[in-house]
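Okay, here's what each chain looks like letter by letter:
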Amino acid sequence: MKNTMIFLKGMQFYAYHGCFEEEQQIGTHFIVDVTLTYDAEAAVATDDVEKSVNYQMVYKTIQRVMGVPRHLIETVADHIIRNIKHDFPQVSMVTVKLCKLNPPLDGKTEYVAVQMEG
């Protein structure tokens with residue numbers, strides 16, 4: 001067994017997640033970091049991308065999830081995990097950090113974030 005981690009860091013999306021009506025109408029910027037763990041033994045032995053986790057396709061999965069407005073960023077993170085594990089059953093663990101830039105707080109804040117794994 002060759003447990004391998006794949007990192008997709010700093011993916012940028014403009015999306016419409018938030019509890020306030022303005023957030024769902026105007027939207028804001030998000031940054032997503034994802035770490036995937038899978039057994040790469042077959043991929044390494046054959047040098048075959050089909051036996052690996054195609055991170056271009058992982059990005060498209062995340063992009064699809066980010067395109068569906070949700071109230072909570074926790075819900076978005078959970079859907080990213082569930083969709084990756086559905087689309088790539090060889091992945092045993094997914095860690096997601098989802099940052100919402102310039103959140104609507106009463107002061108200047110760079111971002112709020114959640115991190116979830118499953």
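Described in the following lines is the structure provided in the data block. (Residues numbered from 1 in each chain as written. Predicted model: local features only at pLDDT ≥ 70, side-chain atom pairs only at ≥ 80, totals over all residues. Heavy atoms only, no water.)

## Topic: the overall build of the chain
Counting secondary structure elements, the chain contains 4 helices and 4 strands. Traced from its N-terminal end to its C-terminal end, the chain shows the element sequence β-α-β-α-α-α-β-β. Along the first, second and third principal axes, the C-alpha atoms of the chain reach 55 × 20 × 20 Å. A buried classification covers 36% of the 118 residues belonging to the chain. By element, 52% of the accessible surface of the chain is carried by carbon and sulfur atoms, the whole surface being about 7,100 Å². Averaging the locations of the 11 positively and 15 negatively charged side chains of the chain gives two centres separated by 2 Å. (Helix = DSSP H or I, 4+ residues; strand = E, 2+ residues; numbered from the N terminus. Buried < 20%, exposed > 50% of the residue type's maximum accessible area, 1.4 Å probe, protein only. Areas by Shrake-Rupley, 256 points an atom, 1.4 Å probe, with all protein chains shown as cover. Lys, Arg positive; Asp, Glu negative; His and termini not counted. Charge placed at Lys NZ, Arg CZ, Asp CG, Glu CD.)

## Considering the pairing of strand S2 (residues 28-39)
With respect to burial, S2 is a largely interior element, 9 of its 12 residues being buried. Pairing of strand S1 (residues 3-15) with S2, which is carried by 11 bridges, proceeds in the antiparallel orientation. Residue pairing in the sheet places Thr4 in a bridge with Tyr38 of S2. Relative to strand S3 (residues 91-101), S2 runs antiparallel, the two being bridged by 9 bridges. Bridge pairing in S3 places Thr35 opposite Thr95. (Pairing = 2+ DSSP bridges.)

## A few points about the pattern of salt bridges
If you walk through the whole model with that rule in mind, you get 3 salt bridges. Taking the shortest distance from any N to any O, the salt bridge between Arg64 and Asp87 comes out at 3.0 Å. Here Arg64, found in helix H3 (residues 55-66), pairs with Asp87, found in helix H4 (residues 73-87); they are 23 residues apart in sequence, far enough to count as distant. A relative accessible area of 44% places Arg64 in the partly exposed class. Overall, Asp87 belongs to the partly exposed group, its relative accessible area being 28%. (Salt bridge = Lys/Arg side-chain N within 4 Å of Asp/Glu carboxyl O.)

Keep in mind these values describe shape, not function.
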